[in-house]
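# Observations on the model geometry
For reference, the chains in residue letters:
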Amino acid sequence: MNSSVSGEATITAEDESESVSKVPLLGDLPLVGPLFRRTERRGEKTTLYIFITPHILYDESFGDQSALTRRRAAAIEALRKRPLDLLLDPRGEPQPVSTFRYGPTPGPAGR
């Protein structure tokens, strides 16, 4: 199997922190305080790399999806070529032009 990476993404995060350690009371004195305290600055950079490798999965239960895609593309192209007035009724209301339905077809009223 010959797989190749077709997509790559990078997310970078930078984090900086500062902490102060000091001797109680002596670290707070105005002139000699810096002698009794320590300030530590720390920076950290994290990079996350995401590599995308596509794989084609076959499932017999899906049937021939490529034929359905070609039929839908042809129907859309046919609609694009029709003049707009054929898609509207005289009142300006759009008419349903697609025969493709999701789920069961609604039955007659009263059922």
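Residues numbered from 1 in each chain as written. Predicted model: local features only at pLDDT ≥ 70, side-chain atom pairs only at ≥ 80, totals over all residues. Heavy atoms only, no water.

Check the secondary structure of the protein chain and you find two helices and two strands. Listing each helix as α and each strand as β along the protein chain from the N terminus yields β-β-α-α. When each of the 111 residues of the protein chain is scored for burial, the buried share is 5%. (Helix = DSSP H or I, 4+ residues; strand = E, 2+ residues; numbered from the N terminus. Buried < 20%, exposed > 50% of the residue type's maximum accessible area, 1.4 Å probe, protein only.)

The next subject is the packing of aromatic side chains. One pass over the full model with this rule turns up one aromatic pair. Where Tyr49 meets Phe51, the ring centres are 6.4 Å apart and the plane angle is 15°; that geometry is what we call stacked. (Phe/Tyr/Trp six-rings, centres within 6.5 Å; stacked < 30°, edge-to-face > 60°.)

Once that is clear, we can look at unusual backbone geometry. Positive phi is not limited to glycine here, since Leu25 has a value of about 70°. Tracing the chain through its elements places Leu25 in the loop between strand 1 (7-22) and strand 2 (37-52).

On inspection of all chains with the given rule, the structure shows four salt bridges. One salt bridge connects Arg38 with Glu40, and the closest N-O pair in it is separated by 3.7 Å. Here Glu40 falls in the partly exposed class, since its relative accessible area comes to 41%. A salt bridge links Arg42 to Glu44; its shortest N-O distance comes to 3.6 Å. (Salt bridge = Lys/Arg side-chain N within 4 Å of Asp/Glu carboxyl O.)

Now for a nonpolar patch on the surface. Among the surface-exposed residues, Val23, Leu26, Leu29, Leu31, Val32, Leu35 and Phe36 lie close enough to one another that they form a single nonpolar patch of about 650 Å² accessible area. One can find Leu29 in the loop between strand 1 and strand 2. By relative accessible area, which is 37% here, Leu29 ends up partly exposed. (Patch = residues over 30% accessible without salt bridge, like charges linked within 9 Å, V, L, I, M, F, W, Y side chains within 5 Å. Areas by Shrake-Rupley, 256 points an atom, 1.4 Å probe, with all protein chains shown as cover.)

Our next topic: the confidence of the model for the protein chain. Chain-level pLDDT for the protein chain is 76 on average; 64% of the residues reach the 70-or-more range. Per-residue pLDDT, averaged within each element of the protein chain, yields its smallest value for helix 2 (residues 84-87) (57) and its largest for strand 2 (92). (pLDDT = per-residue confidence, 0-100.)

Tracing the chain through its elements places Thr39 in strand 2. When its relative accessible area of 42% is taken as the criterion, Thr39 is described as partly exposed. Leave out the neighbours within four places in its chain, and Thr39 touches Glu18, Ser19 and Val20. (Contact = heavy atoms within 4.5 Å.)

Here we come to the environment of Ile52. With respect to the element layout, Ile52 can be found in strand 2. A C-alpha to C-alpha distance of 8.4 Å links Ile52 and Ala9, two positions 43 residues apart in sequence. The residues touching Ile52, leaving out its near neighbours within four places in the chain, are Val5, Ser6 and Gly7.

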